[in-house]
Amino acid sequence: MINYPNDRDLVEQASACGIPEPVLVRDIVRLVEVLNLKRKDFFTKRSVLAGSMALRCFDSPRFTVYDADFSTSADAVHPPTSLKGLLAYQDDALEITPASLVPHDDAGTAWKSAPIAYNPVFTSLVPNPADREFKADVSFRGVMLDGFERELVVPYELELWDEPPVVFIMDPHETVAEKTLGWCAHQQLKHYADLAYIALVSRDGEGQLIKLNNAKLRTTLADKLEAMRKLQSNIYEPFPHVDALIDKLEEIPIFPVLQWQRIMYVRQARDRFTQEFLVRAVRELLVPRFR
Amino acid sequence: MRYNSIMPDRIVRTASPQASAILEAVADAKRRSLRLPEDEEWLREQVEEKLAPRKLEGKLAPLLQGMADRKSVYRVRRGRYVVAPRGSFSVKQAASTELFVDLVLGAQGDYYLSYLSALVAHRLTDVHSTAAYAAIRQSSGFRDTHLELPGVELHIVRLSEGRWPTEERELERVRIFPDAKEFVWRASLERTLVDALSRPQLSAGFETVMSCWAVASKREVNWDLVAAIGERAGDSTARRTAFLLGLLGYGDVVERNFATLGGRGRTVPLDRTNSYRLAHAERDSRTGVVVNVPVDHLRGWVAAAANG
């Protein structure tokens, strides 16, 4: 599936990126999982890689520690529990064993497999069994916008592949909507950090990685909010209208020290992605797009 | 020209008959570590049995140090070694954080892993930490408060006798590797929740603590035991415990265990680290807890836990 790195290269790259070796290994395992799903034809324009791993395809420097997010529909995968068979993977160097899929909302529109256990035979750097797990969150609500194909990008130099593989990822307009809801309703800083990154790389000019249409951005957010208010009315009660979300986005957030330390950027990006930088990006670049 | 001089970064290991006998004895015992002086007598007996009729001359410590120099074992600390797996080049390939902790604290009296280490071990959070957190008794002769171990910084908390676990259900003896007879002491799920609430600064912050409580509420937890541990952990922790139990919908547990807890005249910050520094915070009249965390944040974390 990939060219598995050896331990010396893993140690070197983990050090270069400033991340613990087990986090790097888990990242590689999740990439293999993505490629496994690609080989099993999971990905289409309506069945996509989502969340922070999808943002990697736009060079996001933030390392997701544990999750892999996918968005699909009952048309693509039915029943949801059958996804367990798709997630399972084995080769000589790696074995991935998912837990059964269970719903994690009352309507059965979102499922998860946790833990997905793996045995990374290719490395000895993960001796702790607790470090040999990740989680897959799979939305079955159906994407609002068609996904599109994009090369997988990794922020480390391990020559995992000769030619970068291509997978269908969530449309960034929809990613912005999901991250905005995630930040406003669940107050998790990782979503705010990702919004700031999207705001930065969607600026016009050289270095633009994501093209965003402001009207589409607002419409998608409004549609997503309406859908989620139907599914989880209690959680979204403080946000009766899209403008309530945008007002919330404009507030200057509090960054408790320990929460901030959990946001894991690759070493090369840490000096740049300060709290002040993120706040300015969201308030000055992203919020005006919605107004 | 010897291979080793061409590839100096590659380790060529040689083992004397004595070293081979030591490695075999450790493997026979289904262990990955050696502890001196505790293992001296047992190991000498095992090695001499394998070397018979020859005797092992001198002490084991210099022999193990020689093995460490030749990278057939890794030295973790004085008298503490782990066996080097074939082809390994780093002690981090040889053992996990939990084994390192037990190597250091196991001979020092009672200890247990808790706080963020136990939150992670109980799968209540997906935070990855390069720090480990353990508690020892106040009376312990162990003086360090933090130690650098391979790949991890160990933080040690001293607990008074009154706050030390009293029930078997508060601690677990956990096998470190499925195929080895080595164990670590860890806080039970219930004990972990209260420990984390009492010291959020050792538990990745209040958001993590609150999220972990919310995740636990979707699991099988003995909430009466949580209440009992919280009640014993001091007045402030008792009040925080009662408040969180009420917030998560366990009003009946609060009534059973905190019936006499009066809120009047008491002000206990929910987050003792006061990480949000709110200008104004509501006070819960039932428990006396001052909710110094934004209410929408509390609600969001609970909802996020419910969603996944």
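Residues numbered from 1 in each chain as written. Chains lettered and ligands numbered in written order. Predicted model: local features only at pLDDT ≥ 70, side-chain atom pairs only at ≥ 80, totals over all residues.

### Thoughts on the overall build of chain A
What counts here: Only DSSP runs of H or I with at least four residues qualify as helices, and only runs of E with at least two residues qualify as strands; both kinds are numbered from the N terminus onward. Just to be clear, the radius of gyration here is over C-alpha atoms, and the globule rule we use is 2.2 Å times residues to the power 0.38. Note on contacts: residues are paired as contacts if their backbone-placed C-beta atoms lie within 7 Å.
The helix and strand tally for chain A stands at 12 helices and 9 strands. In terms of C-alpha radius of gyration, chain A reaches 19 Å, essentially the compact-globule figure of 19 Å for 291 residues. Taking the principal axes of its C-alpha atoms as reference, chain A extends roughly 50 × 45 × 35 Å. Put simply, of all contacts in chain A between residues at least 6 apart along the chain, 67% involve residues at least 24 apart.

### Comments concerning the confidence of the model for chain A
Stated formally: Values of pLDDT, the confidence the predictor places in each residue, fall between 0 and 100.
Confidence in the prediction for chain A averages 93 pLDDT; 100% of positions are at 70 or higher. Within chain A, strand β3 (residues 89-90) of chain A carries the highest mean pLDDT (98), whereas helix α10 (residues 257-261) of chain A carries the lowest (81).

### Thoughts on the nonpolar core
All names here are of chain B. Note the cut-off: Nonpolar cores are identified as sets of buried Ala, Val, Leu, Ile, Met, Phe, Trp, Tyr and Cys residues joined via C-beta atoms within 7 Å. Burial is judged by counting the other C-beta atoms within 10 Å of a residue's own C-beta: 20 or more makes it buried, 12 or fewer makes it exposed, and any count in between marks it as partly exposed, with every C-beta position built from the backbone. Delimitation of the domains relies on an automatic or database domain assignment.
Membership of the largest hydrophobic core comes to 92 residues, with the highest contact counts inside it found for Val82, Phe100, Val101, Leu113, Ala134, Leu193 and Cys212. The leading source of residues in this core is helix α8 (residues 206-216), at 8 residues. Each of two domains, domain 1 (3-85) and domain 2 (99-306), supplies a minimum of three residues to this core. Ignoring any residue separated from it by four or fewer positions in sequence, one finds Val82 in contact with Arg32, Ser33, Val73, Tyr74, Val76, Val91, Ala94, Ala95 and Leu99.

### A closer look at the domain arrangement of chain B
Residue and element names in this part refer to chain B. The condition is simple: Here the term charged refers only to Asp, Glu, Lys and Arg, the term nonpolar to Ala, Val, Leu, Ile, Met, Phe, Trp, Tyr, Cys and Pro, and the term polar to all other amino acids, Gly among them.
What the domain assignment lists for chain B is domain 1 (3-85) and domain 2 (99-306). One C-alpha centre belongs to domain 1, the other to domain 2; they are set 39 Å apart. Contact with domain 1, which involves 11 residues of that partner, is made by 12 residues of domain 2. The set of elements that each furnish at least two residues to the side of domain 1 that touches domain 2 consists of β1 (33-35), β2 (73-77) and β3 (80-83). Looking at side-chain class alone, the side of domain 1 that touches domain 2 contains 3 nonpolar, 1 polar and 7 charged residues.

### A look at the sheet that holds strand β12 (residues 289-291) of chain B
To summarise the sheet geometry, strands pair through backbone hydrogen bonds and adopt either a parallel or an antiparallel arrangement. All names here are of chain B. The criterion, for reference: What makes two strands pair is DSSP finding at least two bridges between them.
Across the sheet, 3 strands lie side by side as β10-β12-β11; this open sheet has mixed pairing. The sheet is open, and its two edges are formed by β10 (268-269) and β11 (282-283), each paired on a single side. In the sheet, β11 pairs with β12 via 2 bridges, with the strands oriented antiparallel. The residue bridging Arg283 from the neighbouring strand is Val290, located in β12.

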